[in-house]
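Structural overview for review
Here is what each chain is made of, one letter per residue.
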Amino acid sequence: MSSDLPDPDGQDPSDDALAAEYVLHLLGAVERTRFEDRLDVEGALRGRVDAWAERLVPIAEDVDPVAPPAHIRAALAHFAAGERAAPRRRGGVSLAQMLRGMLGGALVAAAAAVLLAVFLPMVEPPYSGPSYVADLAADDGSLAVQARFDPRGDVLRLSGLSVEPPAGRVLQLWLLPEGADAPLSLGLLPGESEVAVPLSPESAAGVPGGLLEISEEPPGGSPEAGPTGDVLAIGEVEEI
């Protein structure tokens, strides 16, 4: 089985174990900082990390979820958060020592599978896809709202919404998808400066390249399939 593990390339075997622990988020805050300082200047060590990431992440894809004992889950959660939990000893050996033993120069595939079943959400690569932003502004500068959209959550977040609608009126948010003939209502806006607007899959798909509008409408919103009152602010959605 050792032939399936990364070749140390002449490095200290402990560096190989550290690289595995780093990928699994098992290093404490101080150890992780020191290790990342070394990654900045040691190309070979970066290669160890890349090799472990390539081998460990696929292992979890075929592993059924595992429910570890409560005390182990709690201790691992402290490690993942970069905090050193008080060692819990079992037969004179701390949890940290047990984990390092499992992650020594020849990491056992079964042990990696169990740990990855717990830590898979933490070792997935960070999101690197597009995000979107729109600046909704009034011609006279009386309203300036920024909208941000992250495709992972299907939530549109508005900030700077400080204008009050005319008496007896409400604010309504609209989306005109690129190439569409009619806008989609995204709902009424509460009287708050920071607003999170959940989107349907249809609306979320129309955000990139679309236009966002804020109009003032009668109570309950527009009675028609589009704005009936004044459009107070409008902005084009752009990728960032």
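Check the entry above for the structure.
Residues numbered from 1 in each chain as written. Predicted model: local features only at pLDDT ≥ 70, side-chain atom pairs only at ≥ 80, totals over all residues. Heavy atoms only, no water.

This part takes up the overall build of the chain. Looking only at helices and strands, the chain has seven helices and 11 strands in total. Counting only residues that meet the buried cut, the chain has 35% of its 240 residues in that class. Pairs at least 24 apart in sequence give 61% of the contacts found in the chain among residues at least 6 apart. Counting only carbon and sulfur atoms, one obtains 53% of the accessible surface of the chain, whose full area is about 13200 Å². (Helix = DSSP H or I, 4+ residues; strand = E, 2+ residues; numbered from the N terminus. Buried < 20%, exposed > 50% of the residue type's maximum accessible area, 1.4 Å probe, protein only. Contact = heavy atoms within 4.5 Å. Areas by Shrake-Rupley, 256 points an atom, 1.4 Å probe, with all protein chains shown as cover.)

A few words on the side chain of Ser 222. Within the element layout of this structure, Ser 222 appears in the loop between β9 (211-217) and β10 (231-236). One polar contact links the side chain of Ser 222 to the main-chain carbonyl oxygen of Glu 224, over a distance of 3.1 Å. Beyond its immediate sequence surroundings of up to four residues, Ser 222 is in contact with Gln 172, Trp 174, Glu 217, Pro 227 and Thr 228. (Polar contact = N/O pair within 3.5 Å; in protein donor to acceptor, adjacent residues only side chain to side chain.)

This next bit is on the side chain of Ser 215. Here Ser 215 is to be found in strand β9. With a relative accessible area of 0%, Ser 215 lands in the buried category. Side-chain polar atoms of Ser 215 contact the side chain of Glu 217, separated by 2.7 Å. With residues near it in sequence (within four places) discarded, Ser 215 still touches Val 170, Leu 171, Gln 172, Trp 174, Pro 227, Asp 230, Val 231 and Leu 232.

Turning our attention to the pattern of salt bridges. In this structure the tally under the stated criterion is six salt bridges. Because the salt bridges share partners, they merge into one network encompassing Asp 15, Arg 38 and Glu 42. (Salt bridge = Lys/Arg side-chain N within 4 Å of Asp/Glu carboxyl O.)

So, on to the pairing of strand β4 (residues 144-150). Every second residue of β4 is oriented toward a common face, the buried set being Val 145, Ala 147 and Phe 149 and the non-buried set Ala 144, Gln 146, Arg 148 and Asp 150. Bridge count for strand β3 (residues 132-137) against β4 is six bridges, and the pairing is antiparallel. Of the residues in β4, the one forming a bridge with Tyr 132 is Phe 149. Connecting β3 to the antiparallel partner β4 that follows it, the hairpin turn spans six residues, and Gly 141 within it adopts a positive phi of roughly 75 degrees. Alignment of β4 against strand β5 (residues 155-159), held across five bridges, turns out to be antiparallel. Directly across from Gln 146, in β5, lies its bridge partner Ser 159. Hairpin connection, β4 to β5: the antiparallel pair is bridged by four residues, and Asp 154 has positive phi, about 50 degrees. (Pairing = 2+ DSSP bridges.)

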